[in-house]
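The residues making up each chain are set out below.
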Amino acid sequence: MSVANREYGRIKASIVVFISAVAMLEIKLPIHETFQSTVQGEGYWTGSLVDFIRLSGCPVGCPWCDTGYADGGAKLPRRERPIHELLAELKSPRVVITGGEPFIQKHLPELVQALLAEGKKVSIETSGSFWQEVSPAAWITLSPKEHINPRYPVQKQFWSRTNEVKIVIETGTEIDFYQEYLSAQSSLPVYLQPEWNNSAKTIPLVLQLLQQKPHYRLSLQTHKYIGIQ
């Protein structure tokens, strides 16, 4: 191949990459809300400065859902927004993609890719009920809800892909439900989070569970205690 042909091929490939990148930025996702320059209140990254992108929709139906999706969220805000618009409002070094349930959105991988291309760290919070491949650079927080709604079991890929497990504790039986998977991933950070609406009961309950499982950790919803979003 001549030098001219090689150069032409290189330029052509660069143009294709550029066009693909521009097209990706025009992709729209259903957004419940976004907010910037807050702190992560839960799990491993508690206290870190973050922005939130809350994607719309979740079918799981947790009765104590604090984002409004206990009934599916049909009346909640939903606006289709392009990725480039979401990027333009970012302020923090880490972006948390949450919901709802982010993994029901087919363009989640593109959103993650665009955020990483902007030099952002990316965290995704999920129930694990729906699986998609996303960049291995994304931090995944698995907060399983299969014990609440067996129609939405955790997809097995998540148990090896997740970076941390966060279990909301309401009755104390939740750990037993997932013990088989937790035991198989003994090095995985596991956080026990007292259910907020009944915290007078659930905080002491979590403290008791930690005595039985001292390698697990307490996750308090710090943002609620300090009164921020």
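Shown above is the structure to which this text applies.
Residues numbered from 1 in each chain as written. Predicted model: local features only at pLDDT ≥ 70, side-chain atom pairs only at ≥ 80, totals over all residues. Heavy atoms only, no water.

**A short note on the overall build of the protein chain**
Part 1 of the reasoning: If you tally the helices and strands in the protein chain, you get seven helices and nine strands.
Part 2 of the reasoning: Principal-axis analysis of the C-alpha atoms places the extent of the protein chain at approximately 70 × 40 × 35 Å.
Part 3 of the reasoning: In the protein chain, which comprises 229 residues, the proportion classed as buried is 46%.
Part 4 of the reasoning: Long-range contacts, defined as pairs at least 24 residues apart, comprise 67% of the intrachain contacts of the protein chain with a sequence gap of at least 6.
Part 5 of the reasoning: Surface accessibility of the protein chain: about 11,700 Å² in total, with carbon and sulfur atoms responsible for 54%.
Part 6 of the reasoning: On the protein chain, the mean spot of the 23 positive side-chain charges and the mean spot of the 22 negative ones are 4 Å from each other. (Helix = DSSP H or I, 4+ residues; strand = E, 2+ residues; numbered from the N terminus. Buried < 20%, exposed > 50% of the residue type's maximum accessible area, 1.4 Å probe, protein only. Contact = heavy atoms within 4.5 Å. Areas by Shrake-Rupley, 256 points an atom, 1.4 Å probe, with all protein chains shown as cover. Lys, Arg positive; Asp, Glu negative; His and termini not counted. Charge placed at Lys NZ, Arg CZ, Asp CG, Glu CD.)

**Some words on the nonpolar core**
Part 1 of the reasoning: Counting 41 residues, the largest nonpolar core has I97, L111, L115, L182 and L192 as the members making the most contacts within it.
Part 2 of the reasoning: The dominant element in this core, judged by the number of residues it contributes, is helix 3 (residues 108–117), at five residues.
Part 3 of the reasoning: Not counting residues within four places of it along the chain, the set of residues in contact with I97 comprises I53, L55, P102, L108, L111, V112, L115, V122, S123, I124 and E125.
Part 4 of the reasoning: In terms of nonpolar packing, the next biggest core, distinct from the first, is built from seven residues, C58, V60, C62 and Y69 among them. (Core = buried A, V, L, I, M, F, W, Y, C linked by side-chain atoms within 4.5 Å.)

**Description of helix 6 (residues 199–212)**
Part 1 of the reasoning: In this model helix 6 runs 20 Å from its N-terminal to its C-terminal C-alpha over 14 residues, within 8% of the 20 Å that 1.5 Å per residue would give.
Part 2 of the reasoning: Of the positions making up helix 6, those classed as buried are T202, L205, V206, L209 and L210. All buried residues of helix 6 fall inside an arc of 140° around its axis, so they share one side. Exposed and oriented more than 90 degrees from the buried face of helix 6 are A200 and Q211.
Part 3 of the reasoning: Against strand 7 (164–169), helix 5 (174–184), strand 8 (190–194) and strand 9 (217–218) lie the buried residues of helix 6. (Expected span 1.5 Å × (residues − 1). Arc of directions from axis to C-beta.)

**Some words on the sheet that holds strand 9**
Part 1 of the reasoning: Pairing in this open sheet of nine strands is mixed, and the strands run 3-1-2-4-5-6-7-8-9 from one edge to the other. Of all the strands in the sheet, just strand 3 (79–82) and strand 9 have a single pairing partner and so form its edges.
Part 2 of the reasoning: In this sheet, strand 6 (residues 139–142) lies alongside strand 5 (residues 121–126) in parallel orientation, the contact comprising four bridges. Residue pairing across strands places E125 opposite T141, the latter belonging to strand 6.
Part 3 of the reasoning: Running at roughly 165° to strand 7, helix 5 makes contact with strand 7 and strand 8 of the sheet.
Part 4 of the reasoning: Relative to strand 8, helix 6 is tilted by about 155°, and along the sheet it contacts strand 7, strand 8 and strand 9. (Pairing = 2+ DSSP bridges. Axes fitted to C-alpha atoms, helices over the stretch in contact; angles between N-to-C directions.)

**Topic: the environment of S199**
Part 1 of the reasoning: Tracing the chain through its elements places S199 in helix 6.
Part 2 of the reasoning: A relative accessible area of 25% places S199 in the partly exposed class.
Part 3 of the reasoning: Measuring from C-alpha to C-alpha, the distance between S199 and V134 comes to 34 Å, with 65 residues separating the pair along the chain.

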